[in-house]
Amino acid sequence: MEGISVNLRFKRSSFTLNVKFELPGKGVTGIFGPSGSGKTTLLRCLAGLEKNSKGSVIVNGNVWQDEKIRLPAFKRSIGYVFQEANLFRHLNVRENLMYGVERSRSAEKESHLRRAIESLDIGPLLDRRPDHLSGGERQRVAIARSLAVNPSLLLLDEPLASLDSVRKKEILPYLERIHLESRIPVLYVSHSHDEIARLSDHLLILDGGSVIRNGPIASTLSGLNPPVNLGENCGIVLDTVVGAIEEEWSMARLDFSDGVIWTLDRGIPIGSKNRIVVLAKDVSVTADRPDQTSIQNALLAKVDGIAEDEHPGLLLVRLKVGKTFFLSRLTKRASSLLGLSQGKEVWIQIKSVAIK
Ligand SMILES: Nc1ncnc2c1ncn2[C@@H]1O[C@H](COP(=O)(O)OP(=O)(O)OP(=O)(O)O)[C@@H](O)[C@H]1O
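Residues numbered from 1 in each chain as written. Predicted model: local features only at pLDDT ≥ 70, side-chain atom pairs only at ≥ 80, totals over all residues. Heavy atoms only, no water.

Per an unreviewed UniProt entry, the recorded name for the protein is Molybdenum ABC transporter ATP-binding protein, and the organism is Leptospira fletcheri.

So, in structure tokens, the structure goes:
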């Protein structure tokens, strides 16, 4: 019975949400889509906050809503974090955390609370009031508060949107940790391709209140028909493990199922998982094995498909290395000079410094 099964209709003046989808019952699902496509409305319906929504919501076997049942919001086991941390200003951080936990009936509530404090690293902030925290710290507390009650589903609605880029970078590792360590399924709404690519296992794309794409992130992003116009951000995600570090050069070797990629050492220990994003604009193609080049990564690949790209002078080429797909954006001119066609063997090159 694992999985999240949703079939919802909700009408509000000129906007209608009409969605039917299944999502994995664990891991992070990124929800992406243009402004006004219904992302927040969907989360509100799942949380039971839109009383006129019709249909069904079943989360890992628990029916929250169907023709007969309709749990009110407070009976749905949900953690909900918004753009702005909505902490109680007159309570300190500890009291804010306890507010939800005290209402929890779980026998393990103390250990959930402890784990949430550790995961978000907010132990040193417990005695402070929200007014004495930075925006990033407030958001870490809000996320910890929602995790502390060990919800069946965590809804994060653009949790980093109100933060500047420095604060965003500070919080992302905590979200990555939740992704790796927590078994609570997370729905993560964001406008940032980078956040979604870094954190999600699965991708749900909305447009005009409907689902236009639903699938695992790796295969969804490596297709030749990008789900939305990603512009410069068109590229693939790859799950690797740090296999070696060359301290002399401050470089790390990232191992994936079909090869290795060298990148700058970012202090991630050997043996740790490391998700990387390889953008199509950073992948070049050559007919022969590259020699005497500054580019550290050369992989033997087969052309899997070629499609028109956003500009009439460009093509998007899908390349297969073993079972792993990469995308390369190149000019039609270059493709013609190389004689690219489906099945042709080529070398792809990826600059180490371009890997995110
Ligand atoms: N309180 C409201 N009253 C009336 N219409 C609303 C209300 N909230 C949202 N809408 C409308 O519902 C539609 C969906 O809005 P929603 O906030 O779900 O979109 P979104 O994808 O989350 O957008 P964004 O990315 O800008 O946050 C939009 O047309 C919006 O204008």
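The rest of the description comes next.
Participant: What is the right way to look at the overall build of the protein in this model?
Facilitator: Per the secondary structure count, the protein includes 8 helices and 19 strands. For 356 residues, the compact-globule estimate of 2.2 N^0.38 gives 21 Å, and the protein sits close to it at 22 Å. Its C-alpha atoms put the protein at 65 × 50 × 35 Å along the principal axes. In the protein, buried positions account for 49% of the 356 residues. Here the analysis covers contacts within the protein between residues at least 6 apart in sequence; of these, 66% occur between residues at least 24 apart. Within the structure as shown, the protein displays about 17,500 Å² of accessible surface, and the carbon and sulfur contribution to it stands at 49%. Separation of charge centres in the protein, based on 48 positive and 41 negative side chains, amounts to 7 Å. (Helix = DSSP H or I, 4+ residues; strand = E, 2+ residues; numbered from the N terminus. Rg over C-alpha atoms; globule rule 2.2 N^0.38 Å. Buried < 20%, exposed > 50% of the residue type's maximum accessible area, 1.4 Å probe, protein only. Contact = heavy atoms within 4.5 Å. Areas by Shrake-Rupley, 256 points an atom, 1.4 Å probe, with all protein chains shown as cover. Lys, Arg positive; Asp, Glu negative; His and termini not counted. Charge placed at Lys NZ, Arg CZ, Asp CG, Glu CD.)

Participant: Just to check I follow, could you spell out the site of the ligand for this structure?
Facilitator: Every residue close to the ligand is listed here: Arg12, Phe15, Pro34, Ser35, Gly36, Ser37, Gly38, Lys39, Thr40, Thr41, Glu158 and His191. At a separation of 2.8 Å, an oxygen atom of the ligand approaches a polar side-chain atom of Arg12. With 3 residues, helix H1 (residues 39–46) is the largest single contributor of residues to the shell around the ligand. Classifying every residue of the shell around the ligand by side-chain character gives 2 nonpolar, 7 polar and 3 charged. (Near = heavy atom within 4 Å. Polar contact = N/O pair within 3.5 Å; in protein donor to acceptor, adjacent residues only side chain to side chain. Nonpolar A, V, L, I, M, F, W, Y, C, P; charged D, E, K, R; others polar.)

Participant: Which parts of the structure should I look at to understand the UniProt feature "domain: Mop" (unreviewed entry) in the protein?
Facilitator: Under the UniProt annotation, the feature "domain: Mop" (unreviewed entry) is placed at residues 292–356. Here residues 292–356 is 11% helix and 52% strand, with 24 Å between the C-alpha atoms at its ends. (UniProt positions renumbered as here; feature names shortened; annotations may be inferred.)

Participant: Is there a simple way to explain a positive patch on the surface in this structure?
Facilitator: Where like charges cluster on the molecular surface, the positive patch consists of Arg9, Lys51, Lys54 and Arg70. Among the secondary structure elements, Arg70 is positioned in the loop between strand S5 (62–65) and strand S6 (78–81). (Patch = residues over 30% accessible without salt bridge, like charges linked within 9 Å, V, L, I, M, F, W, Y side chains within 5 Å. Salt bridge = Lys/Arg side-chain N within 4 Å of Asp/Glu carboxyl O.)

Participant: Just checking my understanding: could you explain the sheet that holds strand S4 (residues 54–59) for this structure?
Facilitator: Where strands meet in a sheet, backbone hydrogen bonds hold them as pairs that are either parallel or antiparallel. Here 4 strands make up an open sheet; going across it, the order is S2-S1-S4-S5 and the pairing antiparallel. The strands lining the two open edges of the sheet, one partner per strand, are strand S2 (15–23) and S5. If you compare each strand with its neighbour and ignore which way they point, the axes differ by 20° on average. In this sheet, S4 lies alongside strand S1 (residues 4–12) in antiparallel orientation, the contact comprising 6 bridges. Among the inter-strand pairings, Ile4 is bridged to a residue of S4, identified as Val59. Against the sheet, H1 contacts S1, S2, S4 and S5, and its axis sits at roughly 115° relative to S1. (Pairing = 2+ DSSP bridges. Axes fitted to C-alpha atoms, helices over the stretch in contact; angles between N-to-C directions.)

Participant: So what exactly am I meant to see when it comes to the pairing of strand S13 (residues 259–264) here?
Facilitator: The two faces of a sheet get side chains in turn, since along a regular strand they alternate between them. Sheet topology note: the strand S12 (residues 251–256)/S13 ladder contains 6 bridges and is antiparallel. Bridge pairing links Arg253 to Trp262 in S13.

Participant: How should the pattern of salt bridges be read in this particular structure?
Facilitator: Two side chains that carry opposite charge are able to pair once their charged atoms sit near each other. The full count for this structure, using the stated rule, is 15 salt bridges. In this structure, Lys332 engages Glu308 in a salt bridge whose closest nitrogen and oxygen atoms are separated by 2.9 Å. Of this pair, Lys332 sits in helix H8 (residues 332–338) while Glu308 sits in strand S16 (residues 297–308), placing them 24 residues apart in sequence. Overall, Lys332 belongs to the partly exposed group, its relative accessible area being 30%. With a closest N to O distance of 3.5 Å, Glu310 and Arg329 form a salt bridge. Taken together, the positions of Glu310 in the loop between S16 and strand S17 (314–321) and Arg329 in strand S18 (residues 324–331) put the pair 19 residues apart, joining distant regions of the chain. Overall, the relative accessible area of 43% leaves Glu310 in the partly exposed class.

Participant: I keep staring at the sheet that holds S17 and nothing clicks. Help me out?
Facilitator: Reading across from one edge, S15-S19-S16-S17-S18 is the order of the 5 strands in this open sheet, with antiparallel pairing throughout. Either end of the sheet is taken by a strand with one partner, and the two such strands are strand S15 (283–286) and S18. Going from strand to strand, the sheet's axes swing by 45° on average, the running direction of each strand aside. When S16 meets strand S19 (residues 345–350), the two strands line up antiparallel, connected through 6 bridges.

Participant: I keep staring at the packing of aromatic side chains and nothing clicks. Help me out?
Facilitator: Enumeration according to the criterion identifies 3 aromatic pairs in this entry. Look at Tyr80 and Phe82: their rings are 4.3 Å apart centre to centre, the planes differ by 20°, and that puts the pair in the stacked class. Taking the ring centre of Phe325 as reference, the NZ or CZ of Arg318 above it sits at 3.6 Å. (Phe/Tyr/Trp six-rings, centres within 6.5 Å; stacked < 30°, edge-to-face > 60°. Lys NZ or Arg CZ within 6 Å of the ring centre and 35° of its normal.)

Participant: Would you mind showing me how to read the side chain of Thr263 here?
Facilitator: Along the polypeptide, Thr263 turns up in strand S13. Residues in contact with Thr263, not counting those within four places in the same chain, are Met251, Ala252, Leu254, Ser352 and Ile355.

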